[in-house]
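Each chain, written out:
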Amino acid sequence: MTLGKPIYHFTPPANWMNDPNGLVYHEGQYHLFYQYNPHGDQWGTIHWGHAVSTDLVHWQHLPIALAPSTELGEVHCYSGCAVIDDQGVPTLLYTSIGEGERNAETGAEHWMATSPDGLRTWVKPEANPVLTSVIHGKDLIVRDWRDPYVWKEEDRWLMVLGGSVQGKGNALLYESANLREWTFLHVLHTGEETLWECPNAFRLQDKMVLIYSPSDKVKYLVGSMGEDLRFVKEQEGVVDHGGWEGYYAPQSMLAPDGRRILWGWLPDNARGEMTEIQGWSGVQSIPRTVELHPAKYTLIIKPVAELQVLRENPFELPKTVLPQGEHELGIQGKAVEIKAEFELTGSETSFGFEVFRSPDGEEQTTLKFDVARGQIVLDRSRSSQAAGAHTWELVAPYEMRHLEQLRVHLFIDHSIVEVFVNDELCLTGRVYPLREDSESIRLFIQEPNVTMKSLSAWNLRGIW
Ligand code: DQQ
């Protein structure tokens, strides 16, 4: 077993992977494409890898879908999306990076590819490029222009692209009748950050959601978008607090039952200078459903229920008042799911879980609910005995003193900690325990007692 490699999160058989791309459900299969360097475990010449699933849990690897057309001067196939066109032809739209002036910063183009055989092989038609910066005219200079995300509204296709205009991150909106000829409509939204990558725009109930990756924590906006297609922001939030160390560049898709499902790339930056892991890099998060809170219009993000098929060795604790100290759980392992509910009184200082813990405690990762300081912390200071792995804390600000309960849904998988709290906060981080016996799980309580209403846990089977 390769050190740190997850067993129930999606990874390619080997080599480098980053953003999820082209998520689409077609004729009974979920398709996941992804940014992929087939030549090594570092970011390099970017292709699109491809896999399919019928249940969102188990995946089958397929041949590479897109490779750079070097004979046309293409160097990388950057991120993009998949749609089924009006004639039923599966179509990819992606950012094409070329040589020299056609670089990622200033000269990206957007290309398409179509599939004649049910998304197995892909042809780049002569219509390419379908979009160049000429579309903006001379007065609008967009740098880092990339990552098309396309959807259909009434009889037209709409597309958002990310970019940077005068040093601010932007989502820009375009329309087309046929996916080949595009018109620039307007800037959909301008952010505070310098760069916006991988924008996703989709309708959720009667609202419009815009998710974007600003080289920092992935964020969302919720607002309205009427017939003029102008976006008016009403709410905002963080999709996941992992940031560059844990979660980036998510893309969403519509499942056949109407659920909006989100995947994100879990980068390996946290490995730092570690040399113990070779041959692979990058993981996809577990698929998550995205719903709208009916009153607050914030996003509710949860793991898909399909994952429950992986559960084995169930473990339960009844309602318990936990005194100050450490409490070993009767379940251990490196691939575990825990659902726990705590009753809060407001007087708790901090409590939480220690996972990936060696018997002598030399390795352990701590997930701390710091009620007193109003934050949830993934403390990685002792996560790995490897020199070079990042050890700093990942912090999600979260005021808990007024809460009556804390519902925690925690997934660990060899080098991943993915946590969902009270349907309103996600925090994902990477850690690299070196020792095989870093498998025990404990609850720790700082004063006073903490009431745990319930706890269920399972070992999770691998998906391959
Ligand atoms: N990754 C892709 C870009 C995107 C970035 C390149 C985000 O298209 O902006 O691999 O991680």
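Residues numbered from 1 in each chain as written. Predicted model: local features only at pLDDT ≥ 70, side-chain atom pairs only at ≥ 80, totals over all residues. Heavy atoms only, no water.

### Some words on the pairing of strand E11 (residues 182-190)
Item 1. The pairing of strand E10 (residues 168-176) with E11 spans seven bridges and is classified as antiparallel. Considered in E11, the bridge of Ser176 is made with Trp182.
Item 2. The antiparallel pairing of E10 with E11 creates a hairpin that spans five residues between the two strands, and Leu179 there sits at a positive phi of about 75°. (Pairing = 2+ DSSP bridges. Helix = DSSP H or I, 4+ residues; strand = E, 2+ residues; numbered from the N terminus.)

### Overview of the pairing of strand E29 (residues 394-397)
Item 1. Across the two faces of E29 the burial differs, with Leu394 and Ala396 buried and Val395 and Pro397 not buried at all.
Item 2. Sheet topology places strand E28 (residues 375-379) next to E29; four bridges connect them, and they run antiparallel. Each residue of the ladder has a partner; that of Ile376, found in E29, is Ala396. (Buried < 20%, exposed > 50% of the residue type's maximum accessible area, 1.4 Å probe, protein only.)

### As for the environment of Arg288
Item 1. Relative to the helices and strands, Arg288 is located in strand E20 (residues 288-292).
Item 2. Since its relative accessible area comes to 0%, Arg288 is described here as buried.
Item 3. Counting along the chain gives 158 residues from Arg288 to Val130, while the straight-line C-alpha distance between them is 32 Å.
Item 4. A distance of 2.9 Å separates a polar atom in the side chain of Arg288 from a polar atom in the side chain of Thr428. (Polar contact = N/O pair within 3.5 Å; in protein donor to acceptor, adjacent residues only side chain to side chain.)

### Regarding the site of the ligand
Item 1. Near the ligand the following residues occur: Asn18, Asp19, Gln35, Trp43, Tyr78, Ser79, Arg146, Asp147, Glu197, Tyr248, Ala249 and Trp265.
Item 2. One of the side-chain N or O atoms of Asn18 is found 3.0 Å from an oxygen atom in the ligand.
Item 3. In the environment of the ligand, an oxygen atom lies 3.4 Å from a nitrogen or oxygen atom belonging to the side chain of Trp43.
Item 4. Here the ligand loses 94% of its free accessible area of 310 Å² to cover by the protein chains.
Item 5. Elements supplying a minimum of two residues to the shell around the ligand: strand E1 (15-26), strand E5 (74-84), strand E8 (143-153) and strand E16 (248-254).
Item 6. Partitioned by chemical class, the residues of the shell around the ligand number five nonpolar, three polar and four charged. (Near = heavy atom within 4 Å. Areas by Shrake-Rupley, 256 points an atom, 1.4 Å probe, with all protein chains shown as cover. Nonpolar A, V, L, I, M, F, W, Y, C, P; charged D, E, K, R; others polar.)

### Side note on the UniProt feature "domain: Glycosyl hydrolase family 32 C-terminal" (unreviewed entry) in the protein
Item 1. In the numbering used here, UniProt assigns the "domain: Glycosyl hydrolase family 32 C-terminal" (unreviewed entry) feature to residues 324-459.
Item 2. Segment residues 324-459 splits into 0% helix and 54% strand. End C-alpha atoms: 27 Å apart. (UniProt positions renumbered as here; feature names shortened; annotations may be inferred.)

### Some remarks on the sheet that holds strand E12 (residues 197-204)
Item 1. Read from one edge of the open sheet, four strands run E12-E13-E14-E15, paired in antiparallel fashion. The open sheet terminates on both sides in strands that have one partner only, identified here as E12 and strand E15 (231-240). The mean angle between the axes of side-by-side strands here comes to 20°, regardless of whether they run parallel or antiparallel.
Item 2. The pairing of strand E13 (residues 207-213) with strand E14 (residues 218-225) spans five bridges and is antiparallel. Looking at the pairing, Ile211 lines up with Tyr220 of E14. (Axes fitted to C-alpha atoms, helices over the stretch in contact; angles between N-to-C directions.)

### Topic: the nonpolar core
Item 1. If you look at the biggest cluster of nonpolar residues, it comprises 57 residues, and the most contacted ones within it are Tyr8, Trp59, Ile211, Val239 and Leu299.
Item 2. Broken down by element, this core gets its largest block of residues, five residues, from strand E17 (residues 260-266).
Item 3. The residues contacting Val239, other than those within four sequence positions of it, are Ile211, Val218, Lys219, Tyr220, Tyr247, Leu262, Arg288, Ile301 and Cys426.
Item 4. Core analysis: the next-biggest nonpolar cluster, separate from the first, contains 40 residues, Phe315, Ile338, Leu394 and Ala396 among them. (Core = buried A, V, L, I, M, F, W, Y, C linked by side-chain atoms within 4.5 Å. Contact = heavy atoms within 4.5 Å.)

### Quick look at empty space enclosed by the protein
Item 1. Evaluated as defined, the whole model comprises three cavities of 30 Å³ or more.
Item 2. Considering only enclosed or pocket space, the largest cavity measures out at about 70 Å³ in volume.
Item 3. In terms of lining residues, the largest cavity is bounded by 14 residues, among which Ser79, Asp147, Cys198, Asn200 and Gln251 are the most central.
Item 4. For the lining of the largest cavity, the secondary structure elements donating two or more residues are E1, E5, E8, E12 and E16.
Item 5. Among the residues forming the lining of the largest cavity, the class breakdown is seven nonpolar, five polar and two charged. (1 Å grid on protein atoms, 1.4 Å probe; cavity = no way out; pocket = protein on both sides within 12 Å on 5 of 7 lines; lining within 4 Å. Points joined across faces, edges and corners; volume = space filled by probe spheres on them.)

### Comments concerning unusual backbone geometry
Most peptide bonds are trans, and most residues other than glycine sit at a negative phi.
Item 1. Here the amide bond leading from Asn128 into Pro129 is cis, since omega sits at -5°, within 30 degrees of zero.
Item 2. Here Pro129 is to be found in the loop between strand E7 (109-114) and E8.
Item 3. At the junction of Glu447 and Pro448, the peptide bond is cis and its omega measures out at -15° in the coordinates.
Item 4. Checked against the element boundaries, Pro448 lands in the loop between strand E33 (440-445) and strand E34 (450-460).
Item 5. In this model, Asp147 sits at a positive phi of 75°, which is unusual for a non-glycine residue.
Item 6. Mapped onto the elements, Asp147 comes out in strand E8.
Item 7. Classification of Asp147 by relative accessible area gives buried; the value is 6%.
Item 8. You will see that Ala249, though not glycine, has its phi angle at about 55°, which is positive.

### As for a negative patch on the surface
Item 1. On the surface, Glu154, Asp155, Glu227 and Asp228 cluster together into a negatively charged patch.
Item 2. Mapping Glu227 onto the fold places it in the loop between E14 and E15. (Patch = residues over 30% accessible without salt bridge, like charges linked within 9 Å, V, L, I, M, F, W, Y side chains within 5 Å. Salt bridge = Lys/Arg side-chain N within 4 Å of Asp/Glu carboxyl O. Lys, Arg positive; Asp, Glu negative; His and termini not counted. Charge placed at Lys NZ, Arg CZ, Asp CG, Glu CD.)

### What about the packing of aromatic side chains?
Item 1. Inspection of every chain in the model, using the stated rule, returns 22 aromatic pairs.
Item 2. Measuring from ring centre to ring centre gives 4.8 Å for Phe342 and Phe351, while their planes differ by 55°; the resulting arrangement is tilted. You'll find Phe342 and Phe351 in the same group, each marked buried.
Item 3. Through successive ring pairs, a cluster of aromatic residues spans Phe10, Tyr34, Tyr36, Trp59, Trp263 and Trp464.
Item 4. A cation sits over an aromatic face here: Lys207 above Tyr297, 4.5 Å from the ring centre.
Item 5. The lysine or arginine in question, Arg311, covers the ring of Trp458, its NZ or CZ lying 3.6 Å from the ring centre. (Phe/Tyr/Trp six-rings, centres within 6.5 Å; stacked < 30°, edge-to-face > 60°. Lys NZ or Arg CZ within 6 Å of the ring centre and 35° of its normal.)

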